[in-house]
Amino acid sequence: MSRRRSKGGPTGLAVVDKSAGWTSHDVVAKARGVLGTSRVGHSGTLDPDATGVLLLGVGGATRLLRFLSPLPKTYVGEMVLGTATSTLDASGEVTATWDMSGVTLEDARRVAAGFVGEIEQVPPMVSAVKVGGRRLHELAREGKEVDRAPRPVVIHRLEVSATTEVGVFRLDVTCSSGTYIRTLAADIGTALGGGAHLRDLRRTAIGSFTDAEARPVEEIELLGAVEIFRGRPTVPVAPGGELEEAVRHGRVLAREVLGVAADDPGPWPLVDGSGRLVAVYEHLRGAQVKPAVVLASQRDPEAG
């Protein structure tokens, strides 16, 4: 296991494969013990019953987690037609049933096609969304249900396939951040003339981070913080130069100093000669850019 340590402990990114029955907070707590640091946070909450990719920021990289939030998410799960539940998934109590045995795969695919693109979703009561200063899942535990405003999300890809069970269809979804797959399954069930709930949800990817590289939290592997910007071009910072001095002091710079294209919206990861992340810059105004995060001086051999 590779762990970079600096004066404040390890810093980096971990791609965890969350087990069923764990909350995202449980994973963070376990990771703190495994890595020996309290500075651990996560990006993209997963429901307790769901499994799959959960990204953790460690040490100074916790300040970079917001750059992961916009990444698209990919999920697989099973939509069970004919039964609605209080949580929209298999963990809840059955609230209604329908005979939907006549729904075919072609029917499900036709209806699901109408959910591809920009849509609106009403957040489920069992979610972390806040209404009136309280999280919905807290209100749900008290037996309360409140009005929730619909929120825009984007379904980039939605494929429906058959399973070995009648009335159960596999959903393969790539979507924007903030999408609730159990709400999607329930809404498709409603559009088919009845209802549905979701089971066996697994997140297979966040951006280019897939479950193929994810590890159980007990076997956590720490990647360099620069991996948070995987796929983006990096800006080299030569040692001893004016740019290094400016970056170490967190100065506002002209865009041209970074050598980035005028139409590149950023953010821009800056790396030292070893490819380690030393800072992240983002657009300020006009042709100016500002430091979003300065991780460490290039002279710190253990930075990011």
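Relevant structure appears above.
Given the structure is predicted, the values throughout are model-derived calculations rather than measurements.

Caption draft 1: Quick peek at unusual backbone geometry. Backbone torsion omega between G266 and P267 reads 0°, so that peptide bond is classified as cis. Positive phi outside glycine occurs at L88, with the angle close to 70°. Structurally, L88 can be placed in the loop between β7 (83–85) and β8 (94–97). Of note in the backbone geometry, D200 takes a positive phi value of approximately 55° without being a glycine. If you trace the backbone, D200 turns up in strand β14 (residues 196–206). The class of D200 is exposed, set by a relative accessible area of 56%.

Caption draft 2: Just the pattern of salt bridges, in detail. As enumerated under the stated definition, the model contains 16 salt bridges in all. Residue R182 is joined to D47 by a salt bridge in which the shortest nitrogen-to-oxygen separation is 3.0 Å. Within this pair, whereas R182 is found in helix α4 (residues 181–191), its partner D47 is found in the loop between β4 (40–43) and β5 (51–58), the two being separated by 135 residues in sequence. Take R182: its relative accessible area is 4%, and that puts it in the buried class. For D47, a relative accessible area of 24% corresponds to the partly exposed category. The salt bridge partner of R230 is E213, with a shortest N-O separation of 2.9 Å. Residue R230 is found in the loop between β16 (222–223) and β17 (235–236), and its partner E213 is found in the loop between β15 (209–210) and β16; the two are separated by 17 residues along the sequence. R230 gets classed as partly exposed once you look at its relative accessible area, which sits at 30%. One network of salt bridges, in which partners are shared, links E78, E165, R199 and D200.

Caption draft 3: Structural detail: the environment of E244. Of note, E244 is situated in helix α5 (residues 242–248). Considering only alpha carbons, one finds E244 and D272, 28 residues apart in sequence, at a separation of 8.9 Å.

Caption draft 4: Just the environment of L295, in detail. Assignment of secondary structure puts L295 in the segment after β21 (288–294). Residues L295 and L277, 18 residues apart in the sequence, show an inter-C-alpha distance of 7.3 Å.

Caption draft 5: Inspection of helix α1 (residues 24–35) at higher detail. Here α1 contains 12 residues, and its C-alpha end-to-end distance of 16 Å stays within 8% of the 16 Å for a straight helix at 1.5 Å per residue. Those residues of α1 that sit buried are S24, V27, V28, A31 and L35. Angular distribution of buried residues about the axis of α1 spans 100°; they occupy a single face of the element. When the buried face of α1 is taken as reference, the exposed residues oriented beyond 90 degrees from it are H25 and G33. Just beyond α1, the residue with positive phi is G36, at close to 75°.

Conventions and cut-offs
Residues numbered from 1 in each chain as written. Predicted model: local features only at pLDDT ≥ 70, side-chain atom pairs only at ≥ 80, totals over all residues. Heavy atoms only, no water. Helix = DSSP H or I, 4+ residues; strand = E, 2+ residues; numbered from the N terminus. Buried < 20%, exposed > 50% of the residue type's maximum accessible area, 1.4 Å probe, protein only. Salt bridge = Lys/Arg side-chain N within 4 Å of Asp/Glu carboxyl O. Expected span 1.5 Å × (residues − 1). Arc of directions from axis to C-beta.

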